[in-house]
Amino acid sequence: MRLITIGIVVFLLGSCSSGKKPDEQAFLESLDSTNTAGPGVDEEVINSILEQIPSPIEISMLLKESGSKYNETILNSSNNLPKYNSNYKKALNLGVYGTDLGYTNIFGRNQDGIKYISSIKSLADELNIGQFFDIATIGRLATNSKNLDSLLLITTMNFNQINHYLQSQSRDNLSVLLLTGGWLEAMQITCQTAAKNPDNAELIETIGEQKIILEQIMLLFTFYQGDENMAGLSADLDALKKAYDKININYTYKESTMEIIDGVAVIKDNSTTTIDITKENIEEIKNIIDQIRTKVIS
Amino acid sequence: MSEEILKALTQLFAIISKQDGGVSDNERGFALNFFQQELEKSAVEEYLNLYDSISGYHEQTGKHVDDRSNQPTSVKDSIRTLAICKKINKTLTQKQKVVVLIKIVELVSSDKQFTNQRMEIVNAVSTVFNILQEEYRLIESFVVSEKVSSLDFADILIADAGNEKSAPLQKHLHAHVDGHLVFLHVSSVEMYFVKYLGKDANNLNGFIMKPGRVYLFSQGSIIKTPDGGALYYSDLIADFNEEIQTIKLSFKATIEEFTFRNGVVGLRDVKINEGPGKLIGIMGASGAGKTTLLNILAGLEKPGKGSIKINGFDIHTDKNKVEGVIGYVAQDDLLIEELTVYQNLYYNAKLCFAKVPESEIQERVMKVLRDLGLDHRKDLKVGSILDKQISGGQRKRLNIALELIREPAILFLDEPTSGLSSRDSENVVDLLKELSLKGKLIFVVIHQPSSDIYKMFDKMVIMDTGGYPTFYGNPVRAITYFKKATNQVDSNRGQCEVCGNVNPEQIFNIIEARVVDEYGQPTNKRKVTPMQWHEMFKSQFKPSAVEDTREEPPKTLQLPSRLKQTIIFTTRNFLSKISNRQYLLINLLEAPLLAILLAFIIKYKSAPDGKEYIFRYNENLPAFMLMAIIVALFMGLTVSAEEIIRDRKILKRESFLNLSWSSYLFSKLAILFLLSAIQTFTFIAIGNWILEIQGMTWSFWLILFTTSCFANVLGLNISAAFNSAVTVYILIPLLLIPQMILSGVIFDFDKLNDVLSTKGKVPVVADMMTSRWAYEAMAVHQFRNNEYQKGYYDYEREESRADFKSAYLADELKNRNQFLIDNLQSKNDSIQKLISINNHILYIELINEPFKEGIAQLNLKDVFVGAGYSKEIGKQLESYFDIYKKHYQQEYNINAALIEKKMSFYEQQGFDIQREKNEFFNESLSDLVRNISTKERIMEYNGQLVQNINPVFQSPKPKNTFDYRTAFFFPEKNFLGITMTTFSFNLIVIWIMTLLLYLTLYFELLRRFVDIFEKVNLPVKK
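Residues numbered from 1 in each chain as written. Chains lettered and ligands numbered in written order. Predicted model: local features only at pLDDT ≥ 70, side-chain atom pairs only at ≥ 80, totals over all residues.

> Tell me what's going on with the overall build of chain B, and back it up with residues and numbers.
From N to C terminus, chain B includes 35 helices and 25 strands. In terms of C-alpha radius of gyration, chain B reaches 44 Å, well past the compact-globule figure of 31 Å for 1022 residues. Projected onto its principal axes, the C-alpha coordinates of chain B cover approximately 155 × 65 × 60 Å. By the burial criterion, 43% of the 1022 residues in chain B qualify as buried. When contacts within chain B are restricted to residue pairs at least 6 apart in sequence, long-range pairs at least 24 apart make up 70% of them. (Helix = DSSP H or I, 4+ residues; strand = E, 2+ residues; numbered from the N terminus. Rg over C-alpha atoms; globule rule 2.2 N^0.38 Å. Buried ≥ 20, exposed ≤ 12 C-beta atoms within 10 Å, placed from the backbone. Contact = placed C-beta atoms within 7 Å.)

> Provide a residue-level description of the packing of helix 4 (residues 75-91) of chain B against helix 6 (residues 116-128) of chain B, including the pertinent values.
Residues and elements named next belong to chain B. The N-to-C vectors of helix 4 and helix 6 enclose an angle of 35°; their axes lie 10 Å apart at closest approach. As helix 4 packs across helix 6, the resulting crossing turns out to be right-handed. Residues T81, L82, C85, K86 and N89 of helix 4 lie in contact with helix 6, whose contacting residues are I121, A124, V125 and V128. For the contact of helix 4 with helix 6, the residue count by class is 6 nonpolar, 2 polar and 1 charged. (Axes fitted to C-alpha atoms, helices over the stretch in contact; angles between N-to-C directions. Left-handed = near helix turned anticlockwise from the far one by under 90°. Nonpolar A, V, L, I, M, F, W, Y, C, P; charged D, E, K, R; others polar.)

> Before we move on, could you go through the interface of chain B and chain A and cite the residues and values that matter?
Accessible area lost upon the coming together of the parts serves often as the stated size of an interface. Listed per partner, the contact involves 36 residues of chain B and 33 residues of chain A. Those elements giving two or more residues to the side of chain B that touches chain A turn out to be helix 23 (661-691), helix 24 (697-721), helix 28 (793-822), helix 31 (871-908) and helix 32 (913-920) of chain B. The element best represented in the side of chain B that touches chain A is helix 31 of chain B, accounting for 12 residues. Split by residue class, the side of chain B that touches chain A holds 16 nonpolar, 11 polar and 9 charged.

> Break down helix 33 (residues 923-930) of chain B for me, citing the residues and quoting the values.
An α-helical segment advances 3.6 residues per turn. Residues three or four places apart therefore align on the same side. Residue and element names in this part refer to chain B. Counted residue by residue, helix 33 has 6 buried out of 8 residues, so it is predominantly covered. Contacts from the buried residues of helix 33 go to helix 21 (621-641) and helix 27 (770-785). With its phi angle positive at about 50°, N931 sits one or two positions after the end of helix 33.

> A description of the sheet that holds strand 2 (residues 171-174) of chain B should follow, citing residues and the corresponding values.
For sheets, the rule is that strands pair by backbone hydrogen bonds, running either parallel or antiparallel. All names here are of chain B. The 5 strands are arranged 2-1-3-4-7 in an open sheet whose pairing can be described as mixed. Two strands lie at the open edges of the sheet, namely strand 2 and strand 7 (214-216), each paired on one side alone. Across the sheet, the mean angle separating the axes of adjacent strands is 25° when strand polarity is ignored. Two strands pair when backbone bridges link them, and strand 3 (residues 180-186) and strand 4 (residues 191-197) are joined in this way by 7 bridges, in the antiparallel orientation. Paired with H180 across the strands is L197, a residue of strand 4. (Pairing = 2+ DSSP bridges.)

> Describe the sheet that holds strand 16 (residues 410-414) of chain B, listing the residues and the values that go with them.
Residues and elements named next belong to chain B. As summarised here, the arrangement of the 6 strands in space is 15-16-17-12-18-19, forming an open sheet in which the pairing is mixed. In this open sheet, the two edge strands, each paired with only one partner strand, are strand 15 (326-329) and strand 19 (468-473). Taken over all neighbouring pairs, the strand axes of this sheet differ in orientation by 15° on average, direction set aside. This element, helix 13 (residues 392-404), spans strand 15 and strand 16 of the sheet and lies at about 170° to strand 15.

> Go over helix 17 (residues 504-511) of chain B, please, and point to the residues and values.
Residues and elements named next belong to chain B. Listed in full, the buried residues belonging to helix 17 are P504, I507 and I511. The arc enclosing the buried residues of helix 17, seen along the axis, measures out at 45°, which places them on a common side. The exposed set on the far side of helix 17, more than 90 degrees from its buried face, consists of E505 and N509. In this structure, the buried residues of helix 17 make contact with helix 15 (451-456), strand 18 (459-464), strand 19, helix 16 (475-485) and helix 18 (530-540). (Arc of directions from axis to C-beta.)

> So what about unusual backbone geometry? Which residues, and what values?
Residues and elements named next belong to chain B. One non-glycine residue, E415, adopts positive backbone phi at about 45°. Position of E415 relative to the elements: it lies in the loop between strand 16 and helix 14 (422-437). Phi is positive for F969, which is not a glycine, with a value near 75°. Here F969 falls in the buried class, since 24 other C-beta atoms lie within 10 Å of it.

> Help me get a handle on the pairing of strand 12 (residues 278-284) of chain B, residues and values and all.
Residues and elements named next belong to chain B. Summarising burial for strand 12: 7 of the 7 residues are buried, a large majority. Neither face of strand 12 is exposed, since K278, I280, I282 and G284 on one face and L279, G281 and M283 on the opposite face are all buried. Relative to strand 18, strand 12 runs parallel, the two sharing 5 bridges. Following the sheet pairing, G281 is matched in strand 18 by M460.

Structure follows, in structure tokens:
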């Protein structure tokens, strides 16, 4: 019995003396009067902006069509997962990984895809949105490589659901981050691919087109200036915006016409958009995107 | 007697008889007689010649008789005498020297020439022989005296027809003897001599006693008078012994019939009445019930019909009156093999004599060891049968010593000579005889005794097949009795006339003699059946009456207090453990080896990039924790499972001491708990170190130690209940595998057979498993209190609660409300049923809901339990659920933001959050305790909503004060209105289970249960 008592005493002492961290009180005192409530942005507004941001899948499709080769080094390695501890990082990188998953999907790199699914599931769980991933189903599908297509499809669809869900749960900041992360990664992939295929006009055009998207994203960020992290990211995006400011997008409006093709009436949009973009512009954008993304994924 | 000694004696005889005028014919006749007794005819002449030449028999024939008296002893003769005596001194035992001295005195007295010179020489001889002066005088008077009245010594006993002593000190025995039989007791060597003064032809062991001659009255001797009276050695000894006469002891056994558990009759009609100072043998064919009889006499078994009484106290009903009176030496060794001879005895003595000071205990131990010739072996380990350190005889003697040291009044021994050499056997029985002479009553089951041993017994009980007693009386008489009964020729002779040997085998040859068929082949039929023998016995023998004293029997036992007993037991136990190197080594190395093995195997490069080991991503942690618990259980069980079985024999012996069972158990527990503490500590310290589980060593240790202690007590229970170690080891899987099945880790509690499982609660059967409590405590404690999680747990808990309410519960309740609205008018039975369920669920959820904005005025009981629900209320509730959802969304966001803030706060303070999380937090464990993989995060079970996700963030909702049940991995438990952390609560539960097991152990419930079970399963077969 004496030994037990000694054991308990030592145990108690041991557990008391390890308090090297500042205590709860210190933390509570450090909280200033800044309100912790949400930004109070109208959901509708956010939703309308979010909907205009292209899905990462769309960008990836473009890449595939451009004939470029699969390059896993331009993706965010799933090994970086341990680094994401705050919700801010988690949400951003959930978006990043979503894009990476789509990229692997398009190139049929299923093995890499599985890794991303696992990372995505992990981040989603921590963000309390794990219910969109039925791990049992995923596991079952993953045992057979023939199922991988459907597996990836499910995951991608889940992404859209998560976006909507977060918005409905008043956690739109996460939704914004998720999309931003996805967009950043898509930009990164596009820029990197474009750098290797300088003659691909379509890629360059796509990069140019993102000027509009960026403006909208930055608009969204203005709602969250109270959030330290988001304000910081917003500042980084400002630098990108400055680079984009050097690009002009000319939109020439022409009335639409209706033609009959094979007995069906088709409305033809005759407006044209021209983008003035130089190689230097692309280079600059690529570098800034690279900087921001590095910050995001590290 | 060796030639050398005989020569020396001859010279001595001659020198003495030569003094004072030379040899008389009487003296020479005495010497001749002596030679004839000791030597073959051919050698007699040679020795007689030697005698004659020294004594100068032939030279003196012409000399005158008168000048005898004044010649001084020649210097030459004196020196010669001394030299001879010294020679004798070196070769003869003290007993033999006493015999020699008596012979010499007899020689002198043969001619009645007690001149100074002669007596001087005799006196000198006695001095050289180291015989006390007083004793010499006693011997001299005994040999010389012809008058009874002149023998006034306490060591003289006169048996004659008279009723009075003739001198005040001497002892007297009434017997039908013509003249007197004079007995001498030489106390220094415990020998008896007899001399007859009278005219009858008395018979000593079948030989005619010459009047005036001194005979050695050896063990088992009988003197028979011509008219048939007999004087037995044992009776005389008892009369001599004052000690015995003052001892008040009566032993009365009446066994009418004893039946075994299987219905077979073991003993019939046994009556034994004895007093102090007797050595009683029990003999019988195998299966005659010798050991059974002994066990019943010793009180180990109840005598069925009948009683065993010591001084009138029944040994079963008046237990405390006869406590410590009985000693029992079983046939098997009852030694603690790991201890030395000395330690075995010492701790036994410590347990018997509470008030004797330490130095005296040590002295007593040494004395007993010396008495038994074990003193030079005292520091040897007893060792097992296979690893013998001391001989069989020594073991046996030590067994007896264990009983001797506390000097019980009645001692029972089961075949103390089996497996011993004839010399060892004799030593052992000698010892017993000596004890009986000190007044002890000793019962011995003996098998094939030698003649000498057989004769040492005062009485013999002979049993025949089927438990029939066929003889009870003097051992030598037994032989004549059976011979007579079968009309054998020399039926009067019990022993060999020439050598005095008896052949106990004869008895069994007679008892078991078989009928011979016409071809001369013995058949299976016995000439005399056991029953016939028994009838014959009953008709001829009446048990002698023994004075019935109603005093408490003598005892020397002083039991120490319980605490002291515990300390003594523990020390003894401890010493025996540490002296067993193998045991110690295996037990101390087992844990660290297992820890190294386990931890080494399951440590892998767990980081997502597969380059290094990161604790956070070690997916084996949950399995490691389960294994740690299984190891603790296993080590705890194996270490204790044999403890009591191994001690069972020792316990049997110590049961006569009535030592405290709880002290014994406490001593076991003290040692086992200490061992468990060390084992679990080394295991978890090494395991945690290898797997880099930080900050959890003491808490994990406490859990494992508790678990191991539980297993210790469980092991002791089975050890106390079953007979063999094999049974116990077979039982271990039966005890351990359910612990694994129902640990909650291998099989999900929600996916067990529906008979067992309760959704949302740990099944009751699992609550009986230590593994489940230990695992839960460990997992929850690690998750909740690790250095990383500690800082966020409370916020994450709030966050999780809010998330569940906003994301799942709000919609669930809203849907159920919608159902109520939609089916308000329905009369359909099945719908009515659903309505009542939904009512119930909404009621339960809302009544416990702190946030009631918008429905604060509603009387919920009225609405859901009564019939107060209406469409309006339904709509009101509908909008309430929208606000409810918003409220908790906000709540969630607040907490999520707080967590973020806290992280950045810590980061500002210079803490590396990522490093901390990698070191202290484990993803797999987190997934487990948060039940991430569940498909149904919310479910309906038995009319209640059950939250399956995040058990580790939930709080118990007890139905009543006794409702301790929660789902697995709840962070807190509620019982009797007290909320405790799972860690403390579960530990308390295991300790309570341990305590309960201790109680079942203390009352030996399992053993009793097993006994009942055995009875039921062994149908009576005859």
